[in-house]
Amino acid sequence: MDLPFTEPFKIKMVENIYRSTKEQRESWIKDASFNLFNLKSEQVFIDLLTDSGTGAMSDKQWSAMMLGDESYAGASSYYKLKDAIKDITGFNFFLPTHQGRAAENVLFSVLVKEGDLVPGNSHFDTTKGHIEFRKAIAVDCTIDAAVDTTTWHPFKGNVDIEKLENVLKTNPSGNISCIIVTVTNNTAGGQPVSMANLREVGKLSRKYGVKFIIDSARFAENAYFIKLREDGYADKDIRDIAREMFSYADGMTMSSKKDAIVNMGGFIGFREEELFRQASTYNIIYEGFITYGGMSGRDMNALAQGLYEGTELLYLESRINQVSRLGTRMKEYGIPVLEPFGGHAVFIDAKKFLPHIPIEEFPAQTLALELYTEGGVRGAEIGALMADRDPITRQNRYPELETVRLALPRRVYTDNHMNYVAAVVRNVFERREQIKRGVKISWEAPIMRHFTVRLERY
Ligand code: F0G
């Protein structure tokens, strides 16, 4: 018998969670204007809102924090992190930032100007926010297979090379800020990008003289999928795969809150000193001096250690298999889930789950609210609410994928918790026809509305 994948760690500290009643949750969600971001965390039983900053640090990370050097300039923690980044990504230069979107802000202050195009696979919402805030346009060149939730494709996060080349060919390179490839492709379902695809994007970036940046939040999970699914990589070490992925790019932005398993932190990696120098000025303005940039010494120490732990094969196997066990169970219950399952989350296809709710009534948000009231499970809408309005026409955008994402924090929940989650989704699925109407917006912010939107039930 093949032995199952198990967690390569045991639990040393626990945090109690509170199991509320349905009546309590009905009242809390109404007070929260039907926006799951407005709930207090104590009002949530199983929190799958995000895998960002919600992971459990190890004993080694906690002990590294005690050795943090809090010097303003030249802290040993900075050099420790610099060495870890060089070792794992191959990038010689780096700037610490307080999280991933701060890395985007600093880098885009150098690269993105009004009227530019920024092609790539699906841009994450903060990435798109930073692009659109600068009156530039994010062009999604993801392969068409990404929007079909049922066909199996090993690398559904890939860039369509032809679409990308068309954008590069028809626009002078001065109007293209850079190419951004997000690994894994979060918006398209936590789907990986193949090594061959990254290599091709690298070739195009050199052919057209445009910089290639990897949005690397989940680079280790991406490397694991390459090892699992791409010819020639089965025997390669995760870190060697990661270094090869980065070898095709000019730089990277990183939200360390995901694959580096810390609660806060980010950085930018650069191949060339010139870009690093230009970005350093903005880092000082927005984040802090270049040897701490928004992070304390202890946080840089924990991050340096986390980069190694997040790229351990046994850890990645247990993590990604926990996601797929949840997906498989839900599939067994007949629930329409996006396949293949992503690295960090299971995505429920809300258009198939609630086909009678029109897209204008936000079926994915409606479903996310039902999961919360049913069992205190908090997921995230990744659909029309998050897609927001077109920056020019101000009309609502309705993306093909209308999903609820159940993102799994790293090293936090057990399989029993996941069985509970699957049962909650199943209960809602069984009564789906009684859910007659969706929600409407009563207030929205001009940009990135989903975080603060206020909604009403019909
Ligand atoms: N890029 C990707 C692919 C992300 O998923 C995120 C964050 C960021 C950049 C921004 O990083 O949060 O550290 O500022 N994603 C979280 C999520 C919030 O829930 O998927 P950040």
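Up top is the structure.
Residues numbered from 1 in each chain as written. Predicted model: local features only at pLDDT ≥ 70, side-chain atom pairs only at ≥ 80, totals over all residues. Heavy atoms only, no water.

Novice: Explain the site of the ligand to me, using residue names and the numbers behind them.
Specialist: Taken together, 17 residues sit near the ligand, with Thr50, Arg101, Ser255, Lys258 and Arg405 positioned nearest. In the model, an oxygen atom of the ligand is placed 2.8 Å from a nitrogen or oxygen of the Gln99 side chain. Out of a free accessible area of 470 Å², the ligand has 94% covered by protein chains. A total of three residues in the shell around the ligand trace back to one element, the largest contributor, which is helix H4 (residues 100–111). Here the shell around the ligand is built from residues that sort into two nonpolar, eight polar and seven charged. (Near = heavy atom within 4 Å. Polar contact = N/O pair within 3.5 Å; in protein donor to acceptor, adjacent residues only side chain to side chain. Areas by Shrake-Rupley, 256 points an atom, 1.4 Å probe, with all protein chains shown as cover. Helix = DSSP H or I, 4+ residues; strand = E, 2+ residues; numbered from the N terminus. Nonpolar A, V, L, I, M, F, W, Y, C, P; charged D, E, K, R; others polar.)

Novice: Mind laying out helix H1 (residues 22–31), listing which residues take part and the relevant values?
Specialist: Of the residues making up H1, those classed as buried are Arg25, Trp28 and Ile29. Summarising the axial view, the buried residues of H1 lie within an arc of 95°, below the 170-degree limit, and thus occupy one face. Away from its buried face by more than 90 degrees, H1 exposes Glu23, Lys30 and Asp31. Looking at the buried side of H1, the elements it contacts are helix H14 (363–375). A positive backbone phi angle near 55° is found at Ser33, which sits one or two residues after H1. (Buried < 20%, exposed > 50% of the residue type's maximum accessible area, 1.4 Å probe, protein only. Arc of directions from axis to C-beta. Contact = heavy atoms within 4.5 Å.)

Novice: Give me the side chain of Asn283: which residues, what numbers.
Specialist: With respect to the helices, strands and loops of the structure, Asn283 is situated in helix H10 (residues 273–286). Setting aside residues up to four positions removed in sequence, Asn283 forms contacts with Leu95, Pro96, Thr97, Val106, Gly288, Ile290 and Gly293.

Novice: Please provide a residue-by-residue account of the pairing of strand E7 (residues 251–255), values included.
Specialist: In terms of burial, E7 is largely enclosed, as five of its five residues are buried. Burial of the side chains of E7 extends over both faces: Gly251, Thr253 and Ser255 are buried on one face and Met252 and Met254 on the other. Here E7 pairs with strand E8 (residues 266–270) via five bridges, running antiparallel. Note on E8: the bridge partner recorded for Gly251 is Phe270. (Pairing = 2+ DSSP bridges.)

Fair warning: the whole summary comes from geometry, so function is off the table for now.
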